[in-house]
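# Structural overview for review
If you want the building blocks of each chain, they are given just below.
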Amino acid sequence: MHKTIRLGFSACPNDTAIFHGLISGLVPLPGLHLHHRIEDVDTLNRLAANGKLDVTKVSMHAFGQLRSEYVLLRSGAALGRGCGPLVVARQPLAPEELGGRRIAVPGNLTTATLLMRLFGIDASCLVQMPFDAILPAVTTGQVDAGVLIHEARFTCEVRGVFRVLDLGVWWQSLTGLPLPLGGIAARRCLGDTLHRQLEGAIQRSIDVFRAQPQRAADFIRENAREQDEKVLEGHIGLYVNDFTRCLDKTGEAAIGELLCRAEAGGILPPCPGGIFR
């Protein structure tokens, strides 16, 4: 009898690269059946909040809200050094000029929104909209600035907007740590044995991709919003790294620091439970 696991991950190249081995059957999961769905990260956050997924990619901001029901696995996370959500505007602005302006953000529970709050932007200035609507909203003047995530942050320079702030650079200058954007959350009720099995399977799937990336190429392109090969390779290069395979103490410290700062700022509620499985 197979146990069905409801799995969610995004269409971003890093996630499709990570999970291709599992979805394709290259990495077997004895006794388990994966029922997967691919959604944007804001949708995944909301599905997790409603208990619709057993294991899923979530924003770190969302995970901070869901810690009573989910633990974080040590494989599959998206952390990067000096690279994060990108704030852009129609006109040149200094980062300190963002205060009081209307800024589009990609969903209330995304890490991009959390970072803007930590940067000092009042919640009343943040305009929630789908991530793929943000760049058009900036270029048409619907908002004063916007926070780009996914592949859009790699292609904005050809769209006639100006870079204001890379939140990954800002975070690293503030803390000296990599920026944790998202991770793989698993329902606490699955239990530690299953958590370990899933964690190991994700690691093996990453190893398969690293050894033979061409086997996942079609799957990555089928789901990607940008088809430019350099954009896809750049995205994967940044966010499928050693932290992704297995968080070390630096990665764990980065996640703890982000959640602690969010709690101290009143953005996240305190949680007595542990972060990791």
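For the structure given in this document, a descriptive report is provided here. (Residues numbered from 1 in each chain as written. Predicted model: local features only at pLDDT ≥ 70, side-chain atom pairs only at ≥ 80, totals over all residues. Heavy atoms only, no water.)

### Side note on the packing of aromatic side chains
Scanning the model with the defined rule gives 2 aromatic pairs in all. Seen in terms of ring centroids, Phe9 and Phe19 are 4.7 Å apart; in terms of plane orientation they differ by 15 degrees. Their pairing is stacked. Placement of the pair is Phe9 in strand S1 (residues 3-9) and Phe19 in helix H1 (residues 13-24), with a sequence separation of 10 residues. There is no split in this pair, since Phe9 and Phe19 are both buried. Ring plane angle 80 degrees and centroid distance 5.4 Å describe the contact between Phe119 and Trp170, whose orientation is recorded as edge-to-face. Here the residue Phe119 occupies a position in helix H4 (residues 111-119), and Trp170 occupies one in helix H7 (residues 167-175), the gap between them amounting to 51 residues. By relative accessible area, Phe119 is classed as partly exposed at 23%. The positively charged end of Arg187 is found above the aromatic ring belonging to Tyr70, 5.5 Å away from the centroid. (Phe/Tyr/Trp six-rings, centres within 6.5 Å; stacked < 30°, edge-to-face > 60°. Helix = DSSP H or I, 4+ residues; strand = E, 2+ residues; numbered from the N terminus. Buried < 20%, exposed > 50% of the residue type's maximum accessible area, 1.4 Å probe, protein only. Lys NZ or Arg CZ within 6 Å of the ring centre and 35° of its normal.)

### Some points on the pairing of strand S11 (residues 179-187)
Counting buried residues along S11, 9 of its 9 residues qualify, which places the element largely inside the surrounding structure. Two strands pair when backbone bridges link them, and strand S3 (residues 55-59) and S11 are joined in this way by 5 bridges, in the antiparallel orientation. If you follow Lys57 over to S11, its bridge partner there is Ile184. Bridge count between strand S5 (residues 78-80) and S11: 3 bridges; the pairing is antiparallel. By the bridge assignment for S11, Leu79 is matched with Pro180. (Pairing = 2+ DSSP bridges.)

### A look at helix H2 (residues 41-49)
The element H2 is largely enclosed, with a buried count of 7 among its 9 residues. Along H2, the residues classified as buried are Val41, Asp42, Thr43, Leu44, Asn45, Leu47 and Ala48. Taken together, the buried residues of H2 touch S1, strand S2 (32-38), S3, helix H3 (60-66) and strand S4 (70-72). At the N-terminal end of H2, a side-chain oxygen is found 3.1 Å from the backbone nitrogen of Asp42, two or three residues along, and the residue is Asp40. (Contact = heavy atoms within 4.5 Å. Polar contact = N/O pair within 3.5 Å; in protein donor to acceptor, adjacent residues only side chain to side chain.)

### Focus: the environment of Val27
Its location among the elements puts Val27 in the loop between H1 and S2. Taking the C-alpha atoms as reference, Val27 lies 8.6 Å from Ile202; in sequence the two are 175 residues apart. If we ignore the near neighbours within four places in the chain, the residues touching Val27 are Gly21, Leu22, Ala201, Arg204, Ser205 and Val208.

### Describing the packing of H1 against helix H8 (residues 192-211)
Axis separation between H1 and H8 bottoms out at 7 Å; the angle between their running directions is 105 degrees. Classified by the angle between their axes, H1 and H8 sit roughly perpendicular to one another. Here Ala17, Ile18, Phe19, His20, Gly21 and Leu22 of H1 lie close against H8, whose contacting residues are Ala201, Ile202, Ser205, Ile206 and Phe209. Of the residues contributing to the contact of H1 with H8, the split by class is 8 nonpolar, 3 polar and no charged. (Axes fitted to C-alpha atoms, helices over the stretch in contact; angles between N-to-C directions. Parallel < 35°, antiparallel > 145°, perpendicular 65-115°, else oblique. Nonpolar A, V, L, I, M, F, W, Y, C, P; charged D, E, K, R; others polar.)

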